[in-house]
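Letter by letter, the chains look like this.
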Amino acid sequence: MNSKLPNSGTSIFAVMSAMAKENNAINLSQGFPDFNCPDKLIEYVHDFMKGGFNQYAPMQGIPVLRKAISEKMEKLYGKYFNPEKEITITAGGTQALFTAISAFVHKGDEVILFEPAYDSYLPSVLLNGGIPIPIKLDEKKFTIDWENVRSVLTSKTKMIILNTPHNPSGTVLQQNDIEELIKIVNDFDLILLSDEVYEHIIFDDEEHLSFAKYEELASRSLIVFSFGKTYHTTGWKMGYVLAPALLTNEFRKVHQFNVFCVNTPIQLAYAEMMKDEEHYLSLPKFYQQKRDYFIGLMKDSKFTLTPSKGTYFQLLEYSKLSNLSDMEFAKWLTREIGVAVIPLSPFYSNGTESKYIRICFAKSEEVLKAAAEKLSKIKPL
Ligand code: PMP
Ligand code: GLN
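Residues numbered from 1 in each chain as written. Chains lettered and ligands numbered in written order. Predicted model: local features only at pLDDT ≥ 70, side-chain atom pairs only at ≥ 80, totals over all residues. Heavy atoms only, no water.

Caption draft 1: Up close: the overall build of the protein chain. Along the protein chain, the regular secondary structure elements total 15 helices and 12 strands. The C-alpha atoms of the protein chain give 21 Å as radius of gyration, which agrees with the globular expectation for 381 residues (21 Å, within 12%). Considering only C-alpha atoms, the protein chain reaches an extent of 60 × 55 × 50 Å along its principal axes. Scored against the burial criterion, the 381 residues of the protein chain give a buried share of 56%. For the protein chain, the accessible surface area stands at approximately 16,700 Å², while carbon and sulfur atoms represent 51% of it. (Helix = DSSP H or I, 4+ residues; strand = E, 2+ residues; numbered from the N terminus. Rg over C-alpha atoms; globule rule 2.2 N^0.38 Å. Buried < 20%, exposed > 50% of the residue type's maximum accessible area, 1.4 Å probe, protein only. Areas by Shrake-Rupley, 256 points an atom, 1.4 Å probe, with all protein chains shown as cover.)

Caption draft 2: How the structure looks around the site of ligand 1. Neighbouring ligand 1 are 13 residues, the closest being Thr94, Asp195, Tyr198, Lys229 and Lys237. Residue Asn167 places a side-chain N or O atom 2.8 Å away from an oxygen atom belonging to ligand 1. Within the contact set of ligand 1, a nitrogen atom lies 3.2 Å away from a side-chain nitrogen or oxygen of Lys229. Per element, the largest residue contribution to the shell around ligand 1 is 4 residues, and it comes from helix H4 (residues 92-104). Here the shell around ligand 1 is composed, by residue class, of 4 nonpolar, 6 polar and 3 charged. (Near = heavy atom within 4 Å. Polar contact = N/O pair within 3.5 Å; in protein donor to acceptor, adjacent residues only side chain to side chain. Nonpolar A, V, L, I, M, F, W, Y, C, P; charged D, E, K, R; others polar.)

Caption draft 3: Local environment of the pattern of salt bridges. Tallied over the full model, the rule gives 17 salt bridges. The partner of Lys72 in a salt bridge is Glu199, and the shortest N-O contact between them spans 3.6 Å. Taken as a pair, Lys72 in helix H3 (residues 63-77) and Glu199 in the loop between strand E6 (191-195) and helix H8 (215-218) lie far apart in primary sequence, 127 residues in all. The residue Lys75 makes a salt bridge to Glu277 at a minimum N-O spacing of 2.6 Å. One end of the pair, Lys75, is in helix H3; the other, Glu277, is in helix H12 (residues 277-281), with 202 residues separating them in the sequence. Of the residues examined, Glu277 reaches a relative accessible area of 29% and is grouped as partly exposed. Salt bridges sharing common partners tie together Asp204, Arg291, Asp292 and Lys309. (Salt bridge = Lys/Arg side-chain N within 4 Å of Asp/Glu carboxyl O.)

Caption draft 4: Structural detail: the pairing of strand E5 (residues 157-163). The element E5 is extensively covered by neighbouring structure, given that 6 of its 7 residues are classed as buried. Pairing geometry for strand E3 (residues 110-115) and E5, over 3 bridges, is parallel. The residue of E5 that forms the bridge with Val111 is Met159. Alignment of E5 against E6, held across 5 bridges, turns out to be parallel. When the sheet's bridge partners are listed, Leu162 is paired in E6 with Ser194. (Pairing = 2+ DSSP bridges.)

Caption draft 5: The arrangement of the site of ligand 2 in detail. The immediate surroundings of ligand 2 are formed by Phe13, Gln30, Gly31, Tyr118, Asn167, Tyr198, Lys229, Phe313 and Arg358. For ligand 2, an oxygen atom lies 2.7 Å from a polar atom in the backbone of Gly31. Residue Arg358 places a side-chain N or O atom 2.7 Å away from an oxygen atom belonging to ligand 2. Calculation on ligand 2 without its partners gives an accessible area of 300 Å², and the protein chains cover 80% of this total. Considering only residue class, the shell around ligand 2 consists of 4 nonpolar, 3 polar and 2 charged.

Caption draft 6: Layout of the sheet that holds strand E4 (residues 131-136). In spatial order, the strands read E2-E8-E7-E6-E5-E3-E4; together these 7 strands make up an open sheet with mixed pairing. Only two strands of the sheet have a single partner each, and these edge strands are strand E2 (87-90) and E4. In this sheet, neighbouring strand axes are inclined to one another by 20° on average, regardless of whether the strands run parallel or antiparallel. Relative to E2, helix H10 (residues 245-258) is tilted by about 25°, and along the sheet it contacts E2, E6, strand E7 (221-226) and strand E8 (239-242). (Axes fitted to C-alpha atoms, helices over the stretch in contact; angles between N-to-C directions. Contact = heavy atoms within 4.5 Å.)

Don't take any of this as a statement about function, it's just geometry.
Here it is as structure tokens:
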């Protein structure tokens, strides 16, 4: 078989979640909450289903939802997006990313991305004939060296993919990163793909620097969001993409043949939910408590933890415990200790070895406590 993705196996998230099940381990691997979404949201979906809202939605998304998103963006980031021409509802962040890459990346175009990178970026570029140009983040701080970025820019560079707050490292872009990026886009004609699915999961009073806030960036960006992260509904797979009309027009040309449209009653329910700002405004505190609870429980362990600044992930450095590769160590933890985690190496295209594993702390306190007890007991191997 002449595979289009010869180097891709099954996604690490699927592998580790299956392994957690097999071994009856606590699953801190794949990122998803173990608590339910607000009751109100389920009631809205139920009511809209009962009310007969069960047929195709408009291709670009239901107008009330696009309007609610436009109002929210203006309020939070001071930028008006036209609901008719600049907002499209998608089947999750992943589809938004894939469709955006399909719409703009031609054969031979170069796409810069930063590693460790969310696992869908690179295959999405390859499937569209693009050439991924991975740049490594700093090995300890996971920051961007902008000199490195400048050194790989060529006339073939079409797109840069960024992600803040960042999965898996939990870092967030700072003002100086934004300034460096603005300088680059002033010199090079590029499209930006900004993955901001964790916009509301941000800690220690850090501000989410959405690309929507900066006209030099917003005017050339497709910005991706996910309702799954904000409403504890990862299984519903719904998100949206914001982009200037010219870019949105091209995005929709592909979107209509990828999925055409997404789930009607759920779009209507999210539009109702978005009237309650308190839900998303309370998320930083809600998740920061979980982060701090977990870090507190791990203080006597042999792992090194630098507190995550955003996302519901925390990296654990394990060099004091083992020389195993991160993949072997993650599998050993799942089988022998009963805690499933994600190794960092699958987030690198060249299998870079690290001594990091990632855990998801979007879990109840009992689960975090049980996992931390097991992890804290590990003695150097
Ligand atoms: N980007 C990042 C960085 C993510 O962590 C996720 C969640 N898996 C996504 C995109 C995709 O979001 P969704 O589940 O809405 O497809
Ligand atoms: N975003 C989630 C994570 O990083 C998982 C998404 C998926 O399973 N594809 O764990």
